[in-house]
Every structure is written in structure tokens, then in C-alpha cells.
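Listed below, chain by chain, are the residues.
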Amino acid sequence: MTITEGKVVLIHYTLTNDAGEVIDTSRGRPPLPYLHGAQNIVPGLERALGGQEVGATLQVIVAPEDGYGVRNEDMPPVTLDRGQFPDDAFIAPGMQFFAQLPDGSTGPIWVAEVGEDTVTIDFSHPLAGVTLHFDIEVMGMRDPTREELQHGHPHGPTGHEGH
Ligand code: ZN
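Each value, and the rule that gives it
Residues numbered from 1 in each chain as written. Predicted model: local features only at pLDDT ≥ 70, side-chain atom pairs only at ≥ 80, totals over all residues. Heavy atoms only, no water. Helix = DSSP H or I, 4+ residues; strand = E, 2+ residues; numbered from the N terminus. Areas by Shrake-Rupley, 256 points an atom, 1.4 Å probe, with all protein chains shown as cover. Lys, Arg positive; Asp, Glu negative; His and termini not counted. Charge placed at Lys NZ, Arg CZ, Asp CG, Glu CD. Donors = N, O, S within 2.8 Å, 3.2 Å for Na, K, Ca; no water. Buried < 20%, exposed > 50% of the residue type's maximum accessible area, 1.4 Å probe, protein only. Pairing = 2+ DSSP bridges. Axes fitted to C-alpha atoms, helices over the stretch in contact; angles between N-to-C directions. Polar contact = N/O pair within 3.5 Å; in protein donor to acceptor, adjacent residues only side chain to side chain.

Participant: Could you clarify how one ought to interpret the overall build of the protein chain in this entry?
Facilitator: When helices and strands are tallied, the protein chain shows two helices and nine strands. Starting at the N terminus and walking to the C terminus, you meet the elements of the protein chain as β-β-β-α-β-β-β-β-β-β-α. In terms of its C-alpha atoms, the protein chain occupies a principal-axis envelope of roughly 55 × 35 × 30 Å. Summing over all exposed atoms, the protein chain offers an accessible surface of approximately 9500 Å²; the carbon and sulfur share of this is 50%. Of the charged side chains in the protein chain, 8 are positive and 24 negative, and the gap between their average positions amounts to 10 Å.

Here it is, written out as C-alpha cells:
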């Protein structure tokens, strides 16, 4: 049985950058479940997993265009006063917010740096422009529940952990 659209697939992954530094890994945790074809994972990785079988191991190199996108050079990072954020807000690098963008639209922003009195925000995903190197092991596969199909994402390895 091979991975096709609409299957819930469980993978172990280790993600490294061009320098070989580990950015994220599922090792030491349960495998990551995703719904194939529902864009739960970056497009380049999803494409490479199509047609694979349980037990397969693969190395996938994903260009930024097929990963987290390219950096938005029109909107470089901006350093703001800490006072522009609520006093009690916990703010740490890597956090994502939705906010009004310089062009007036609403979109995601990411915290790039937190200084003593300043917060630097970025309009590009922290992994934008990064070539992604995935080490993948396909751990399992099952049919989705009706609810998972409606939601477009799995609800845990067994499908019983609803949300
Ligand atoms: Zn859900």
C-alpha cells in the first residue's frame, strides 16, 4: 500500500539546513501524523512522500520555493518599542502573530529578536529562504476518520484525540 491522497501518514523526520545543523526533529517524540494531500506539511516534502510505502526511508532536499517560501525583501524586519506590545504579553523569538502589515493587509509576523526595550519583528517565516534537508522514515499509514477529512488534518495517531 502506497501513500496516496487522503491517507493519514505517520512520519519521523529530522530537518537540517545547508550547514547540517538540526532545526527540528521528531525523534524522541511520537511520529508526526499528517493528512496526505491536505497541505499539512511543506509542498516539496508532501510531493516526495507520495507513492512511498510504510517503512521507507528517504532524504528529501526542498528548495525554499517548495518549503517556507522566499524572504519578502519588500518588507524587511522592523524593530519596535517593547511598549507597543501589551505589558503582560509573553514574547519570544520564533513566535508568530497575526497583525496589520505595512501594506494594510493582515498577515503573519514573526518575532525575530527580543531586546531589553525592543522587539524586532520579521514579515518572513524564520525558515523562508532556507533549503530544507529532510531525513524521513515512514512509520505508519491509516484511513482518516470522517471528522479528520472534514477538518483537513489528523487528530493524533489513533484518530481519537479530537479537537
Ligand atoms: Zn481538527
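Participant: Mind showing me how you'd approach the coordination of the zinc ion here?
Facilitator: Tetrahedral coordination by four donors puts the ideal angle at the metal at 109.5 degrees, and octahedral coordination by six puts it at 90 or 180 degrees. With distances of 2.0 to 2.1 Å, the protein atoms coordinating the zinc ion are His151 (ND1), His153 (NE2) and His155 (NE2). Between consecutive donor residues of the zinc ion, the sequence gaps follow H-x1-H-x1-H. Owing to a relative accessible area of 2%, His155 belongs among the buried residues under this scheme.

Participant: Whenever I open this one, the sheet that holds strand β8 (residues 118-122) confuses me. Can you help?
Facilitator: Read from one edge of the open sheet, four strands run β5-β8-β7-β6, paired in antiparallel fashion. Of all strands in the sheet, those bounded by a partner on one side alone are β5 (78-81) and β6 (96-100). Averaged over all pairs of adjacent strands, the angle between strand axes in this sheet comes to 45 degrees, irrespective of strand direction. Note: β6 against strand β7 (residues 106-114), five bridges, orientation antiparallel. Looking across to β7, one finds that Phe98 is bridged to Pro108.

Participant: Just to check I follow, could you spell out the side chain of Ser26 for this structure?
Facilitator: With respect to the helices, strands and loops of the structure, Ser26 is situated in the loop between β2 (22-25) and β3 (32-35). Residue Ser26 is classed as buried on the basis of its relative accessible area, which comes to 1%. In this structure the side chain of Ser26 is engaged in a polar contact, spanning 2.8 Å, whose partner is the backbone nitrogen of Tyr13.

Participant: What should I look at first to understand the pairing of strand β1 (residues 8-16) in this one?
Facilitator: Here β1 lies mainly inside the structure; eight of its nine residues are buried. In this sheet, β3 lies alongside β1 in antiparallel orientation, the contact comprising four bridges. Within β3, the position partnered with Val8 by the bridge is Leu35. Relative to strand β9 (residues 132-142), β1 is paired through nine bridges, and the arrangement is antiparallel. Opposite Thr14, over in β9, you have Asp135 as the bridge partner. With three bridges joining them, β1 and β2 adopt antiparallel strand pairing. Bridge pairing links Leu15 to Asp24 in β2.

That is the geometry; function is a separate question.
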